[in-house]
Amino acid sequence: MNTIGVVARVTVKEASRRRLLAALAAISLAMVGLSAWGFSRFTRGAGVLPSGDARASTAAALIAFMFMFSFVICLSAVVIAAPAVSGELDSGVGQSVLVRPVRRWEVLLGKWCGMAAVVAAYGVAVGALEVLVVWAVSGYHPPNPAAAIAYLVFEGLVVLTLTLTLSTVLAPMTAGAVAVALFGAAWLAGVVGTIGSTLGIGSLQTAGRVARVVLPTDGLWHGAIWYLEPASLFDRVLGRGGGRIADPFTSSGGPPVAYVVWAAAWVLLVFAAAVHRFSRTEP
Amino acid sequence: MSSVETAARDVAPTAETDRPVIYARGLTKVYAGGNSALAGLDLEVGRGEVFGFLGPNGAGKTTAVKLLVGLCRPSAGEAMVLGAPIGDVEVRRRIGYLPEMFRYQPWLSAVEVLAYHCDLLRLPRAGRDERIGRLLARVGLSERSKDRVARFSKGMQQRLGLAVALVAEPELVFLDEPTSALDPVGRHEVREVIRGLRSEGVSVFLNTHLLDEAQQVCDRVAVIDHGRTLAIGPLAELLSGKHRLRVSVSGLEERDWIALERFGPWARDQGWAETSGVGEEEVPELVAAMVSAGGRVHAVVPTTLNLEERFLEILGEAR
């Protein structure tokens, strides 16, 4: 196995041995169980509502749960990646690895791959489980759950890459705090952009668009929403047809291909910055 | 710098085996902010020797090791390790390193840590278990081989670090304060490991501030301070001709002691006088001078300086 594979494998093992995977599984199962109970109660009690309203409400609730899971995915990515470089170098664990016949970019890519595997596995598992549970309990399934989960995972990978890069510059605690702050700021900038769209304030709209380019987490989250929400249902039930706009929990359109390409390029560019910094780090 | 090093420089390497395993000239490291850790370090380490790298805290010892193993880049100067420029990726297959700050993945067992390093070295799987077993036995961790590192004491982690340093069966091992966390038994065992490495032809670069340790195992030593080599050479040569002489004498006046300063500075205390500047061949002349000045010599006790005394003397001369 090459260096990237060796480092990736030990990174996954770390997540497993530190019981991160078990903890995430336990708490996510509890949350999914809770949502199952909630959806079953709602389905029973919503019999009095027109079927369209009931489905729209179920879809909205599913999006809210997925938002919570996207938050957990992104925060997990931060927790895993924040100590990945500076933490290992500060503690001394990294020194004995870096004197092996390895290139630093290989070590960094191995870590990224291992952490990405953890984030992706968690995102796919929890997203699929939630969709299945809602379908089993209420009979509702979103238009394209696979695409929605892919966007959720992509969002997690963006946060992972950002935090890993910060970890090459900052101490673990600082890298984590900065990553969370940036993630929160990007989400808030998306809300600001929505307000700008609603009220026709161009500068706020621009701020929201710029934020989605600078840190594409909120843009990708809205990509996930787009594939979770039954658009026609929303249009009819909520009366937003034609004039409907986006908000933090709805999406006005699928993400353009160019935006997805940019998000992928963003990951590559930020990772390249991490490699550049790490190659000059002196432990 | 001592003349011993000048002699070493003049040796022209003729073949791979004759080449120094470490060669450094003017190795300099200035950290961001202008803090100079190394200021033109010169040294050579021969194949198969145990080389002691001595210096007070902050002398630049660990920085020098980090430069030589390729963790840091020099600001100036040049250095070769096993015939390749420092930092060469392929040469790292042939070196071992026990860092001063030794920590290993706490979520792995000792066996898993060593297997991880075998993977990083791309060592063949065949015979790997035996190699790891031998190493753990060598450092005294056989019974804890499957325990997680998180449960290890500091001393056990240092033993594991020694095993990690040796897992590649290296030609050159850098040991940075390898006994700092060990009890006397552990220190003795590490010294035995170092002697064993020498008998196997492995070169050892021993970075230590424990002078008795260096005196027990090193073939040659270098003394550095403020990032410069102050003295370098075989231990025997570094200590040879360096005697301390204690003389019990009475009946000498102050003016006689001033005249005796030509043998070296004297420290006097309750009938005993001591100097460190007198060679063995000068003792009869000194005694004769004392007697002719009217002194009565009761005892002359020559002693050879130990490494600690010589070390302090070298530092004193440099400062």
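Quick caveat: nothing in here was measured; it's all calculated off a predicted structure.

Conventions adopted
- Residues numbered from 1 in each chain as written.
- Chains lettered and ligands numbered in written order.
- Predicted model: local features only at pLDDT ≥ 70, side-chain atom pairs only at ≥ 80, totals over all residues.
- Contact = placed C-beta atoms within 7 Å.
- Helix = DSSP H or I, 4+ residues; strand = E, 2+ residues; numbered from the N terminus.
- Nonpolar A, V, L, I, M, F, W, Y, C, P; charged D, E, K, R; others polar.
- Pairing = 2+ DSSP bridges.
- Axes fitted to C-alpha atoms, helices over the stretch in contact; angles between N-to-C directions.
- Expected span 1.5 Å × (residues − 1).
- Buried ≥ 20, exposed ≤ 12 C-beta atoms within 10 Å, placed from the backbone.
- Core = buried A, V, L, I, M, F, W, Y, C linked by C-beta atoms within 7 Å.
- pLDDT = per-residue confidence, 0-100.

### Things to note about the interface of chain A and chain B
The interface of chain A with chain B comprises 21 residues on the first partner and 22 residues on the second. Put simply, the parts of the chain that give the side of chain A that touches chain B at least two residues each are helix 1 (3-17) and helix 5 (93-98) of chain A. Looking at the side of chain A that touches chain B residue by residue, the class counts come to 10 nonpolar, five polar and six charged.

### Notes on the sheet that holds strand 5 (residues 84-85) of chain B
Residues and elements named next belong to chain B. The strand order 2-1-4-5 describes an open sheet built from four strands, whose pairing is antiparallel. Whereas interior strands pair on both sides, the edge strands pair on one side only; in this sheet they are strand 2 (36-45) and strand 5. Here two bridges tie strand 4 (residues 76-81) to strand 5, and the two strands are oriented antiparallel to one another. Following the sheet pairing, V81 is matched in strand 5 by A84.

### As for the sheet that holds strand 10 (residues 228-234) of chain B
Residues and elements named next belong to chain B. One open sheet holds the six strands; their spatial order is 6-7-8-3-9-10, and the pairing between them is mixed. The two strands at the open ends of the sheet, each matched to only one other strand, are strand 6 (95-98) and strand 10. Averaged over neighbouring strand pairs, the angle between their axes works out to 15° when direction is ignored. Across four bridges, the pairing between strand 3 (residues 50-54) and strand 9 (residues 220-225) is parallel. Bridging across to strand 9, L54 finds its partner in V223. Of the strands in this sheet, strand 6 and strand 7 (172-176) are in contact with helix 5 (residues 154-166), which crosses strand 6 at around 165°. With respect to the sheet, helix 6 (residues 184-199) is in contact with strand 3, strand 7 and strand 8 (203-208), its orientation differing from that of strand 8 by roughly 150°.

### A short note on helix 2 (residues 20-45) of chain A
A rise of 1.5 Å per residue sets the reference length of helix 2 of chain A, with its 26 residues, at 38 Å; its end C-alpha atoms lie 37 Å apart and thus fit the reference within 8%. By the burial criterion, the buried members of helix 2 of chain A are A:L24, A:S35 and A:F39.

### A short note on the nonpolar core
Of all hydrophobic cores here, the largest spans 154 residues; its most connected members are B:A163 and B:L206. Ranked by residues supplied to this core, first place goes to helix 7 (residues 145-167) of chain A with 14 residues. Once residues within four sequence positions are removed from consideration, B:L206 is found in contact with B:V50, B:F51, B:G52, B:F53, B:L175, B:I194, B:A214, B:V217 and B:C218.

### Quick word on the pairing of strand 4 of chain B
Strand residues, when the strand is regular, have side chains that alternate between the two faces of the sheet. Bridge analysis of strand 1 (residues 22-30) of chain B against strand 4 of chain B gives five bridges, and the strand direction is antiparallel. Note that in strand 4 of chain B the partner of B:A24 across the bridge is B:A79.

### Topic: the environment of B:E253
With respect to the element layout, B:E253 can be found in the loop between strand 11 (243-250) and helix 9 (254-260). For B:E253, a count of 11 C-beta atoms within 10 Å puts it in the exposed group.

### Concerning the environment of A:Y227
Residues and elements named next belong to chain A. Structurally, the position occupied by Y227 is in helix 10 (residues 217-228). Residue class for Y227 comes out buried when judged on the 20 C-beta atoms lying within 10 Å of it. Leave out the neighbours within four places in its chain, and Y227 touches P142, P143, N144, A147, A148 and Y151.

### Considering the confidence of the model for chain A
Here chain A averages 90 in pLDDT, and 90% of its residues register 70 or above. Of the regions scoring below 50 in pLDDT, residues 241-245 of chain A engages in eight contacts with residues more than four places distant in sequence or in other chains.

### Description of the confidence of the model for chain B
Keep in mind that low pLDDT regions are not for reading the predicted coordinates in detail. For chain B, the mean per-residue pLDDT works out to 88, and 92% of the residues sit at or above 70. Model confidence for the complex: the whole-complex pTM is 0.85, and ipTM, which rates the interface, is 0.88.

### Comments concerning helix 1 of chain A
All names here are of chain A. The first and last C-alpha atoms of helix 1 sit 21 Å apart over 15 residues, in line with the 21 Å expected at 1.5 Å per residue. Buried within helix 1 we find T3, I4, V6, V7, A8, V10, T11, E14 and A15. Following helix 1 by one or two positions, R19 has its phi on the positive side, about 65°.

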